[in-house]
Amino acid sequence: MTAGTGKVTFIGAGPGAADLITLRGARALGAADVVIWASSLVQEEILEHARPGALIVDSAALPIEGVLPYYERAAAEGLHVARVHSGDPALWGAVQEQLDRARELGLEVEIVPGVSAFSAVAALAQRELTIPEVAQSVILTRLEGGKTPMPPGESIHAFAAHGTTMAVFLSAARSGQLAAELLAGGYPPDTPVIVASRATWPDEELAHCTVATLEETVKARKLWKHTLFLVGPALGAHGTRSHLYHPGHFHGHRRADRTARAALRDADAQRGAARQAIASDPK
């Protein structure tokens, strides 16, 4: 790059394990003149992708004011900065304020997505989060009342009313409040919960419990930091037949079997009638 044409690439490094970075992310690391990473959130092995001679900056102890001078230098000298974030940069990464400043400086900006902790935990637990007829939505949120205010209308209590799969970040320090809000919002006490601490790190911990036993599980195992909760009935449900691979389902690459198609329509009609009966039941 030439002076005045610097670039910042925000790279999602994944939840912990160094080999969960994407190929695109690894290539961006290898092309960077400056690599900014947080040793508290990202494994050091990730730096093996950096080129010899690159400036390596550990941002674990730096506020945003300690990071911005490297963007300013990139703009002045035409450097490429790789800003490495844990998980996916789109979620709780304080990326937007950095993007805004980078654009003000005239820097080219790129974002490389990463594996988020919620999908990594589902993989570790070997669970699907969206099981047909059980849960078809995933809510990503955190407990209100922390350092960052929640917007009006966003609360664990309100989201719990949907009864679907929920991934709760940044909330382990107040596990009792979290459990109380989940119950108050409508999750039954026996709703399955997966508690994951430092997922994909060498010292990862995974605990299975219920909403009723969530608080005692967290406290007994001292799962205070880098902890994620998955909550919802899908975590304990068996797989149901999906339409996608049913012989009666068709799409641009496959025709439907006529007999199977008729059977699928009948089954859908029966399920629809059953749901309607439940919805109209005054109980």
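This text goes with the structure placed above it.
Cut-offs used in this document
Residues numbered from 1 in each chain as written. Predicted model: local features only at pLDDT ≥ 70, side-chain atom pairs only at ≥ 80, totals over all residues. Heavy atoms only, no water. Buried < 20%, exposed > 50% of the residue type's maximum accessible area, 1.4 Å probe, protein only. Helix = DSSP H or I, 4+ residues; strand = E, 2+ residues; numbered from the N terminus. Pairing = 2+ DSSP bridges. Arc of directions from axis to C-beta. Salt bridge = Lys/Arg side-chain N within 4 Å of Asp/Glu carboxyl O.

A.B. asks: Any chance you could explain the pairing of strand β8 (residues 192–197) here in plain terms?
C.D. replies: Put simply, side chains in a regular strand alternate between the two faces of the sheet. Of all six residues in β8, five are buried; the element is thus mostly enclosed. Strand direction decides the pairing type here: β8 and strand β10 (residues 227–231), joined by five bridges, are antiparallel. Bridged to serine 197 within β10 is threonine 227.

A.B. asks: What is the right way to read helix α1 (residues 23–31) from this model?
C.D. replies: For α1, the complete set of buried residues consists of Gly25, Ala26, Ala28 and Leu29. Projected down its long axis, α1 carries its buried residues within an arc of 160°, all on one side. Exposed side of α1, more than 90 degrees from the buried face: Leu23 and Arg27 are the residues found there.

A.B. asks: In this structure, what is going on with the pattern of salt bridges? I would like to understand it.
C.D. replies: Two side chains with opposite charge may pair up if their charged atoms get near one another. Counting across every chain of the model gives nine salt bridges. Of the charged contacts, one joins aspartate 203 and arginine 198 as a salt bridge, the two residues approaching to 2.8 Å between their closest N and O atoms. The shortest N-O distance in the salt bridge between lysine 219 and glutamate 215 comes to 2.5 Å. In this pair, lysine 219 and glutamate 215 both sit in helix α7 (residues 214–221), four residues apart, roughly one turn of the helix. When salt bridges that share partners are traced, they join Lys7, Glu108 and Glu110 into one network.

A.B. asks: Quick question: what am I supposed to make of unusual backbone geometry here?
C.D. replies: Negative phi values dominate among residues other than glycine, just as trans dominates among peptide bonds. Of note in this structure, alanine 94 is not a glycine but carries a positive phi near 50°. Along the chain, the position of alanine 94 falls in the loop between β4 (80–85) and α3 (95–104). A residue is classified by how much of its surface remains accessible, and alanine 94, at 44% relative accessible area, is partly exposed. Even without being glycine, glutamine 126 reaches a positive phi, approximately 55°.

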